[in-house]
Amino acid sequence: MPVSNHLPHRWYDTPNIHLCTFDDFEQLCRKLSLNILERFVLDQDYGSRRLITRFPNLFGTVAFYRLGR
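Summary of the structure given here. Computed from a prediction, not measured in an experiment: that's the story for all the values here.

### Let's talk about the overall build of the chain
Regarding its fold elements, the chain presents three helices and two strands. Walking the chain from its N terminus toward its C terminus, one meets helices and strands in the order α-β-α-α-β. Seen through its principal axes, the chain has C-alpha atoms that stretch 35 × 30 × 20 Å. Counting every position in the chain, which comprises 69 residues, the buried fraction comes to 25%. A total accessible area of about 5700 Å² is found for the chain, and carbon and sulfur atoms account for 55% of it. Of note, the chain has its 9 positive side-chain charges centred 6 Å away from the centre of its 7 negative side-chain charges.

Right, dumping it as structure tokens:
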């Protein structure tokens, strides 16, 4: 998520709701030395389509992650 004058905090450091993209979350995992073992991205109809696999940030709505150390 972009940082701007209107939204001056990083997504994980906001004082209220935490908005993030899949890329934002995966960067946080790398920063915290968490391994992403599995990721499953769904669209708004809770389906998984070929475009979601290729462009998850553009076509995905929700993602489930399995993490490990």
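### Side note on helix 1 (residues 22-31)
All of the buried residues along helix 1 are Phe-22, Asp-24, Glu-26, Leu-28 and Cys-29. Residues of helix 1 that are buried make contact with strand 1 (35-42), helix 3 (56-59) and strand 2 (62-68).

### Digging into the layout of surface pockets
Computed from the structure, the second largest pocket encloses a volume of approximately 160 Å³. With three residues, the top contributor of residues to the lining of the second largest pocket is strand 2. Per-class residue counts for the lining of the second largest pocket are seven nonpolar, four polar and no charged.

Conventions and cut-offs
Residues numbered from 1 in each chain as written. Predicted model: local features only at pLDDT ≥ 70, side-chain atom pairs only at ≥ 80, totals over all residues. Heavy atoms only, no water. Helix = DSSP H or I, 4+ residues; strand = E, 2+ residues; numbered from the N terminus. Buried < 20%, exposed > 50% of the residue type's maximum accessible area, 1.4 Å probe, protein only. Areas by Shrake-Rupley, 256 points an atom, 1.4 Å probe, with all protein chains shown as cover. Lys, Arg positive; Asp, Glu negative; His and termini not counted. Charge placed at Lys NZ, Arg CZ, Asp CG, Glu CD. Contact = heavy atoms within 4.5 Å. 1 Å grid on protein atoms, 1.4 Å probe; cavity = no way out; pocket = protein on both sides within 12 Å on 5 of 7 lines; lining within 4 Å. Points joined across faces, edges and corners; volume = space filled by probe spheres on them. Nonpolar A, V, L, I, M, F, W, Y, C, P; charged D, E, K, R; others polar.

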